[in-house]
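This is what each chain is made of:
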Amino acid sequence: MHQQIQSILSLYHCDKTRLIDMLWDVQKLHGYIGDEAVGLLSDGLNMSPLDIRETISFYHFFITRPSGRHQVYLCDSVIARMNGYEDVRAALEQEVGCAFGEVNDTNIFGLFDTNCIGLSDQEPAMMVDDVVFTNLTAAKVKDIIGQLKQGKTAGEVANSAGKDRRDVAYVNSLVSDNIRERGEVFFKPGLDYKAILRGCLNKIPSEIIEIVSSSNLRGRGGAGFPTGLKWRLCGEAEGTEKYIICNADEGEPGTFKDRVLLTRSPKDVLLGMVIAAYAIGSRVGIIYLRTEYRYLKDYLEQQLQEFREDGLLGNKILDTEFDFDIRIQMGAGAYICGDETALIESCEGKRGTPRVKPPYPIQKGYLGQPTCVNNVETFASVCRILEKGSDWFKGMGTDESTGTRLLSVSGDCERPGIFEIEWGVTLNHVLEMVGAKDPMAVQISGPSGECVSVAKDGERQICYSDLSCNGSFMIFDKSRNLVDMIKSFMTFFVHESCGICVPCRAGGVDLLHKVELLLAGRACQKDLDDIVSWGALMRATSRCGLGTTAPRPLLTTMEKFPELYQQIIVQSKGPLLPSFDLEEALQGHEKAYKTLVPEEVK
Amino acid sequence: MSVRITIDGKVVEAQEGEALIDVAADNGVYIPSLCYVRGKPCLGTCRVCSVRVNDSVMASCTVPVTDGMEVKVNEPEVTDMRKALVELLFVEGNHNCPSCEKSGRCELQAVGYEVDMMVSRFPYRFPVRKRDHVSKHIFLERDRCIFCQRCVEFIRDKESGQKIFSIDDRGTKASIEIDVELADKMPPEQVREASDLCPVGCIIEKGRGYDEPIGQRKFEIQSVRERALMGDEK
Ligand SMILES: Cc1cc2nc3c(=O)[nH]c(=O)nc-3n(C[C@H](O)[C@H](O)[C@H](O)COP(=O)(O)O)c2cc1C
Ligand code: SF4
Ligand code: SF4
């Protein structure tokens, strides 16, 4: 043990900013991160053991006790529940012989829940060790667990043909890409990356920034910040080093387009990063990849290697004086790490706690230096803009939302998958394209976005100034209970709150409680009023985007579907609120009487 | 550089980049807060210092002042938000002031008075949290922790710089932890510093108990508002 941990420590030069990598290495080695390993790491890093535990305990996928030879994480999301999740869950418990949250008697399997794993177009899905299984049914579960019981590894079951993990064929054997509609920007085969980059290196950095600015490209991660402006500010900021980070955390439930981009067009993304690095003067880039996509890691490493061999990464790129290289930072299971400042903390080996802003990452980001964080799709767009010019890009979409955007479509429709749309198309247009029958509502941009009514909002345009969309597009038809969906979203936010600030940590719990009252038929008008006012509190005072958006599913469904809520609330009878459970309240007395009052007195 | 901002309609001068909460205090406007300590880096965790800055709500400890900023502190809507946040903290943990060693010295209690809190609008949760008595000089009454992070960030082992206090897990499952080995090495002044720095009665110095009589405790002699306006670090 001592020897092993020492070699992990020296692999990362005892640099505590690489703690997450070290923890992954320990977990891979031992199956979990035990006390002894924590002790040795703490000695090597001059951190108290509890300080290391602070980091471990923040992340969903770090485990601290033996949890079976195979760890099964079944995705529990709204979309999974619409596609047979319950049966699959029951089949897993049956086959494995233990309940979720437990390890079975033979210590072979541990069953765990997890949030959306970026496969909403092929749910139900589960992660087992370092692979995933999709489109699950009870029969498929039986087969997979049976093979694992016979001693196969999860990799052998998922990839029975033994494909090389560095090859795209391997990724294909695990997941489908389901690209349904192609447009002008993404997934173009045969790009001449050398020629594109040579064209860039022939310009001075400010010209590159000017091209990106004039294309009006806005960040595809959600906030829609103008990319050219971000690069300019980051380029101008003072620092000894500058960093480029590609945000591949893709944690928003319902989105999976970054996964497909990284699978189909990884080099578009990498070249976008190289161009950004040249433009702002950076030598080091990081791809922050969510754990749920770990089956892409070897493949992406191979893409990086090919770029190095082609002279597009490394020292003296294309024989110029420009040096730049990229490493992959694995996440460890935390939605909040999609927030750029939390992501940077995580890259520094810490808990993914969003930072206090200002300073912004472009001023003081990774390791305190100016850092430019962009979404996967943003970088892929950059690659194409520098190939074809900003006018070409501006020719698509609307004036303020230029170009195209990838939608990850899931839920009630015939063709779930990836659709490239020009900004500006209407909601109805998309619904028609994807084959949605009888749609009632669409949750745009995932739980952090807004729920729209197809009847009321069908003609609204998908663009930054109207229906802004981060890519997640979940469709619910008229048979669905929206309040159930809201409960799932609120549970998600409570679970994913980092907990550093009061309104989100404490307020989220109260909103979830209200939703439970609604579903139990014990809420009245006052509860709806409380939701509006407590939601406004969270929106206004939370420290980061998670807390400010968490009330949105509730608030937007209440706005668009008021009748749904009016139908399920009840009138107060007498002086007590319906949420007050008299029976339950009195039980406390009964219990106390039974346990505390001596027999002879009773 | 000197800048001018308005706070509740009054024009005041300040140095650019100063924290808004300090500028307000220096100009006689009290903004309550539970995590901020004047002179120390901003933690931005409690959000109780939220005010309106040019129409958006911001935690004033996180806002560096810039010229022309329009700030509203005592406007009804944000005033009620600050109060609501304090109320949230009272129900999130278990705060039984009459039996608490920190009563009269507790910032949560003192700020509760300042924001005119009578009862919480949020349902009481009565969480079950375990007490920790293991270290020699300190016990943690976790029921009262508000996760302000003061102890985590500002109290370090003198020799190694390591964290003595830390937060385990996240969100609703978070709990404050103490490294017993390091805590047992804390000199008495540092133990006192930690327990005074904790805004509530969570970090309790063993053997101190109720050492000051009622009526003579910190905030009973001088309110938290008066102290803040004098530039006191609380
Ligand atoms: C809670 C939260 C989660 C986020 N998750 C992601 C994510 O998964 N992917 C992403 O690109 N941006 C995410 N963002 C937005 C990032 O903070 C950041 O704005 C973005 O990566 C910037 O890239 P862009 O300008 O290219 O959009 C998230 C923000 C918040 C507040
Ligand atoms: S809003 Fe939520 S996730 Fe964001 S900092 Fe606050 S507690 Fe953490
Ligand atoms: S123990 Fe006290 S100082 Fe530490 S986080 Fe909790 S309330 Fe804050």
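Residues numbered from 1 in each chain as written. Chains lettered and ligands numbered in written order. Predicted model: local features only at pLDDT ≥ 70, side-chain atom pairs only at ≥ 80, totals over all residues.

Here's the deal with the overall build of chain B
Alright, step 1. In terms of regular secondary structure, chain B is built from 8 helices and 9 strands.
Alright, step 2. Within chain B, contacts between residues separated by at least 24 positions form 64% of all contacts whose residues are at least 6 apart in sequence. (Helix = DSSP H or I, 4+ residues; strand = E, 2+ residues; numbered from the N terminus. Contact = placed C-beta atoms within 7 Å.)

Thoughts on the interface of chain A and chain B
By a frequent convention, interface size equals the accessible area lost on bringing the separate parts together.
Alright, step 1. Every contact between the two is made by 30 residues of chain A and, on the other side, 32 residues of chain B.
Alright, step 2. Of all the secondary-structure elements, those providing two or more residues to the side of chain A that touches chain B are α4 (49-58), α21 (482-496), α22 (502-519) and α23 (525-541) of chain A.
Alright, step 3. For the side of chain A that touches chain B, the leading source of residues is α22(A), giving 8 residues.
Alright, step 4. Classifying every residue of the side of chain A that touches chain B gives 15 nonpolar, 9 polar and 6 charged. (Nonpolar A, V, L, I, M, F, W, Y, C, P; charged D, E, K, R; others polar.)

Some details on the sheet that holds strand β3 (residues 50-53) of chain B
All names here are of chain B.
Alright, step 1. If you trace the 5 strands from one edge of the open sheet to the other, you get β2-β1-β5-β3-β4, paired in mixed fashion. At either end of the open sheet lies a strand with only one pairing partner, and these are β2 (10-15) and β4 (56-59). Put simply, the sheet's adjacent strands are angled 40° from each other on average, direction ignored.
Alright, step 2. Where β3 and β4 come together, 4 bridges link them in antiparallel fashion. When the bridges of β4 are listed, Val-53 appears paired with Ser-56.
Alright, step 3. Lying over the sheet, helix α2 (residues 76-92) contacts β3, β4 and β5 (70-72), oriented at roughly 155° with respect to β3. (Pairing = 2+ DSSP bridges. Axes fitted to C-alpha atoms, helices over the stretch in contact; angles between N-to-C directions.)

Some points on the site of ligand 2
Alright, step 1. Neighbouring ligand 2 are 14 residues; A:Cys498, A:Cys501, A:Cys504, A:Cys544 and A:Gly547 lie closest to it.
Alright, step 2. Among the elements of the structure, α22 and α24 (545-549) of chain A are those that each provide at least two residues to the shell around ligand 2. (Near = placed C-beta within 6 Å.)

Topic: the domain arrangement of chain B
All names here are of chain B.
Alright, step 1. Domain boundaries in chain B define domain 1 (2-79) and domain 2 (128-207).
Alright, step 2. The straight-line distance from the C-alpha centre of domain 1 to that of domain 2 is 29 Å.
Alright, step 3. Facing 7 residues of domain 1, the contacting portion of domain 2 comprises 8 residues. (Domains from an automatic or database assignment.)

Section: the site of ligand 1
Residues and elements named next belong to chain A.
Alright, step 1. Taken together, the neighbourhood of ligand 1 is formed by 22 residues, with Gly-219, Gly-221, Gly-338, Asn-375 and Gly-545 sitting nearest.
Alright, step 2. Taken together, the elements giving at least two residues each to the shell around ligand 1 come down to β9 (371-375) and α24.
Alright, step 3. Sort the elements by how many residues they give to the shell around ligand 1 and β9 lands first, with 3 residues.
Alright, step 4. Considered class by class, the residues forming the shell around ligand 1 number 6 nonpolar, 10 polar and 6 charged.
Alright, step 5. The residue makeup of the shell around ligand 1 includes at least three contributed by each of domain 3 (181-394) and domain 5 (483-568).

Considerations on the sheet that holds strand β2 (residues 109-114) of chain A
All names here are of chain A.
Alright, step 1. As summarised here, the arrangement of the 4 strands in space is β2-β1-β3-β4, forming an open sheet in which the pairing is mixed. The sheet is open, and its two borders are formed by β2 and β4 (131-133), each paired with just one other strand. Adjacent strand axes in the sheet meet at a mean angle of 25°, parallel and antiparallel pairs treated alike.
Alright, step 2. Across 6 bridges, strand β1 (residues 70-75) lies against β2 in parallel orientation. What sits directly across from Tyr-73, in β2, is Phe-112.

Describing helix α19 (residues 427-434) of chain A
Residues and elements named next belong to chain A.
Alright, step 1. Where α19 is concerned, the buried positions are Leu-427, Val-430 and Val-434. In a view along the axis of α19, the buried residues occupy a sector of 65°, so they form one face of it.
Alright, step 2. Lining the buried residues of α19 we find β10 (404-411), β11 (417-422), β12 (439-444), β13 (450-453), α20 (454-457) and β14 (472-477).
Alright, step 3. One or two positions beyond α19, positive phi appears at Gly-435, with a value near 70°. (Buried ≥ 20, exposed ≤ 12 C-beta atoms within 10 Å, placed from the backbone. Arc of directions from axis to C-beta.)

Some points on the confidence of the model for chain B
Alright, step 1. Chain-level statistics for chain B give a pLDDT mean of 96 and a share of 99% at 70 or above.
Alright, step 2. Among the scores for the predicted complex, ipTM is 0.97 and pTM is 0.96. (pLDDT = per-residue confidence, 0-100.)

A few points about the environment of A:Glu184
Residues and elements named next belong to chain A.
Alright, step 1. Within the element layout of this structure, Glu-184 appears in the loop between β5 (179-181) and α10 (193-201).
Alright, step 2. The exposure class of Glu-184 is partly exposed, given the 15 C-beta atoms found within 10 Å.
Alright, step 3. Sequence separation between Glu-184 and Trp-392 is 208 residues; the distance between their C-alpha atoms is 9.8 Å.
Alright, step 4. Ignoring any residue separated from it by four or fewer positions in sequence, one finds Glu-184 in contact with Met-396 and Thr-404.

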